Amino acid sequence: MSLWFILLCAVVLIAYAALGGVFLAFSDFIMRSLDLVKSQSGIEAMQVINVEIMRSVFMVLFFGLAVVSVFLFVYAWLNVDDTPGRLLMISGALYLLGVFALTAFGNVPLNNALAGLEPQTGAALSFWKESYMTRWVSLNTARTLACFLASGLALAALVIR
């Protein structure tokens, strides 16, 4: 592996872990806290979070890592031999499938459904309690694990190179 690629992998593994930390915070205590306040307040807070996150550094990392993960996968496939190459390919694929795709096809549709509800209504409360809190948190926990695993695989590839 060339020095620039080693440095890129190091930055990528830190970024995977950083995003995993954000996801962990949501699965571990933020969502639970939002569910413990008056449900209307939790719904309103999550609606605001879902708008504000679109204008955050998180989104730069989230989309940037998708692009870099494709590059990581292809470069490792073509240029990195044996176990380190396979680990980097799995790492990139894991982010793309376990984080990016899961977000696009799981969390985002739930966020969009929540955004379309008036927090004070019974329909909003029912959706929040029966669907959003269970499905969104489960999907988010899967994203957390995918980020940490992708980070760990990238680290392992660098260590054994």
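Criteria and cut-off values
- Residues numbered from 1 in each chain as written.
- Predicted model: local features only at pLDDT ≥ 70, side-chain atom pairs only at ≥ 80, totals over all residues.
- Heavy atoms only, no water.
- Patch = residues over 30% accessible without salt bridge, like charges linked within 9 Å, V, L, I, M, F, W, Y side chains within 5 Å.
- Areas by Shrake-Rupley, 256 points an atom, 1.4 Å probe, with all protein chains shown as cover.
- Salt bridge = Lys/Arg side-chain N within 4 Å of Asp/Glu carboxyl O.
- Helix = DSSP H or I, 4+ residues; strand = E, 2+ residues; numbered from the N terminus.
- Buried < 20%, exposed > 50% of the residue type's maximum accessible area, 1.4 Å probe, protein only.
- Phe/Tyr/Trp six-rings, centres within 6.5 Å; stacked < 30°, edge-to-face > 60°.
- Axes fitted to C-alpha atoms, helices over the stretch in contact; angles between N-to-C directions.
- Parallel < 35°, antiparallel > 145°, perpendicular 65-115°, else oblique.
- Left-handed = near helix turned anticlockwise from the far one by under 90°.
- Contact = heavy atoms within 4.5 Å.
- Nonpolar A, V, L, I, M, F, W, Y, C, P; charged D, E, K, R; others polar.

To continue, consider a nonpolar patch on the surface. A cluster of nonpolar side chains, contributed by V70, V74, W77 and L78, occupies part of the molecular surface with about 420 Å² of accessible area. In this structure, L78 sits in helix α3 (residues 57-79). Exposure remark for L78: the relative accessible area of 60% places this residue in the exposed category.

What the rule picks out here adds up to 17 aromatic pairs. Relative to F100, the ring of F62 lies with its centre 5.1 Å away and its plane at 25°, an arrangement referred to as stacked. Taken together, the residues F62 in helix α3 and F100 in helix α4 (residues 82-115) connect sequence positions 38 residues apart. Residue F100 is classed as partly exposed on the basis of its relative accessible area of 24%.

Pairs of packed helices are described in terms of their axes, by the angle between the two and the distance that separates them. Their axes nearest at 10 Å, the elements helix α2 (residues 39-52) and α4 cross at an angle of 120°. When the interaxial angle is binned, α2 and α4 end up oblique. Crossing geometry of α2 relative to α4 is assigned as left-handed. Across the interface between the two elements, I43, M46, Q47 and N50 of α2 pack against N111, L114 and A115 of α4. Broken down by class, the residue content of the contact of α2 with α4 amounts to 4 nonpolar, 3 polar and no charged.

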